[in-house]
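Each chain is listed here by its residues.
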Amino acid sequence: MLLLGAGESGKSTIVKQMRLVYADGYTPNERDSYREVVYSNALQSMQAVIRGFDLLSIPVPAHLEQAASYLDGLDTDAADGNGKGLDPNIRAAIELLWADPATRAVVDQSIRFQLNDSASYFFDSITRIGDPQYIPTDQDILRTRVRSTGITEERFRVKGHTLRVFDVGGQRSERKKWIHCFENVQVLVFVAAISEIGQQLWEDETISRLDEATMLFESISSSRWFEKSAFVLLLNKTDLFKEKIERTPLAYYYPEFTGGDSYEAAQQFMLQKFLSLDKKRGQRPLYSHFTQVRTSTYWSNPNAS
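Residues numbered from 1 in each chain as written. Predicted model: local features only at pLDDT ≥ 70, side-chain atom pairs only at ≥ 80, totals over all residues. Heavy atoms only, no water.

Asker: If you had to explain the pairing of strand β5 (residues 230–236) to someone new, which residues and values would you point to?
Answerer: When you tally the buried positions in β5, you get 7 out of 7 residues, the bulk of the element. Going residue by residue along β5, you find A230, V232, L234 and N236 tucked away on one face and F231, L233 and L235 tucked away on the opposite face as well. Of the strand pairs in this sheet, strand β4 (residues 187–193) and β5 are connected by 7 bridges, and their pairing is parallel. Paired with F190 across the two strands is L233, which belongs to β5. Note: β5 against strand β6 (residues 286–290), 5 bridges, orientation parallel. Paired with L234 across the strands is H289, a residue of β6. (Buried < 20%, exposed > 50% of the residue type's maximum accessible area, 1.4 Å probe, protein only. Helix = DSSP H or I, 4+ residues; strand = E, 2+ residues; numbered from the N terminus. Pairing = 2+ DSSP bridges.)

Written out as structure tokens, the structure is:
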């Protein structure tokens, strides 16, 4: 099984979830190694929010200026207090900033700048994460973000069969490496984060993330390399998609959408945007699902979507 999709679509999170469901999960040593990733994600996310104040022309409240300046000037490696847990000063500064309505107002407009999807989750959990005895939970691990590079293979036993799963980096600079995975692929899983409506690429902020995802799907679905492969289209991050269109109607992003406030109509609209680009539809199997892979619901009950 080959996982493809643009950067930030959630491919690596799917592999993590499959490991939790179909394998033995994470060992104590592996969980311990994720602490540094959690610390770094929390600090990087708050640094992005601090810069978001300036991008949105929102002044940093006077009582937050010292904490904001302190965090913004740190190297992300500084989050791990010499292997003794999250630096208490960093934890306190993040707590102070996150408690203020101005910070939350900036996060509410994060569509206008680059911010990790899990930022609010880590901010809400910062006191727990900052405990010296902190050990990452399954949910913490699923929420971490490390840019995928190269090709990663995992093997799982599912109903008596060995499933080989290949996860490859989704950024443009990584796609040239995909060619090595193309031969004899039985199942191709294309992952697209439909929550990314209105957002721009990390690597090119002139390009819409959804436009990039649909163009990539069109290219892959028509590729001669996958003529005999079964296709699975996962429209991912539906929880974030629902939250986004509750704040800003889908018609704001796509004026041709006429489904009003209907979440189900919005889902089907996004699905058809992808399916309409499949030039080989009907010539080989294609299965589609709506997923929220940061919880175990989908993978423990595949019919849930």
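Asker: Residue-level account of the packing of helix α2 (residues 28–55) against helix α5 (residues 101–108), with values.
Answerer: Describing two packed helices takes the angle between their axes plus the distance from one axis to the other. Relative orientation of the contacting elements α2 and α5 amounts to 90 degrees, with a least axis distance of 9 Å. As the angle between them shows, α2 and α5 are arranged roughly perpendicular. For the pair formed by α2 and α5, the contact residues are M46, V49, G52 and F53 on the first element and A102, T103, V106 and V107 on the second. (Axes fitted to C-alpha atoms, helices over the stretch in contact; angles between N-to-C directions. Parallel < 35°, antiparallel > 145°, perpendicular 65-115°, else oblique. Contact = heavy atoms within 4.5 Å.)

Asker: I'd like a rundown of the environment of G10, residues and numbers included.
Answerer: Within the secondary structure, G10 is located in the loop between β1 (2–4) and α1 (11–22). Sequence-wise, G10 and L234 are 224 residues apart; in three dimensions their C-alpha atoms are separated by 9.8 Å.

Asker: Explain the pattern of salt bridges to me, and be specific about the residues and the numbers.
Answerer: If you walk through the whole model with that rule in mind, you get 10 salt bridges. Across the salt bridge formed by E30 and R19, the nearest N and O atoms sit 2.7 Å from each other. With a gap of 11 residues between them, E30 in helix α2 and R19 in helix α1 connect regions that are remote in the sequence. Residue E30 is classed as partly exposed on the basis of its relative accessible area of 25%. Since its relative accessible area comes to 18%, R19 is described here as buried. For R128, the salt bridge identified is with D140, shortest N-O distance 2.8 Å. (Salt bridge = Lys/Arg side-chain N within 4 Å of Asp/Glu carboxyl O.)

Asker: How would you sum up unusual backbone geometry? Please name residues and give values.
Answerer: Positive phi values are uncommon outside glycine, yet S57 reaches one of about 60 degrees. Structurally, S57 can be placed in the loop between α2 and α3 (65–72). A positive phi angle, close to 60 degrees, is found at K237, a residue other than glycine. Tracing the backbone shows K237 in the loop between β5 and α10 (238–247).

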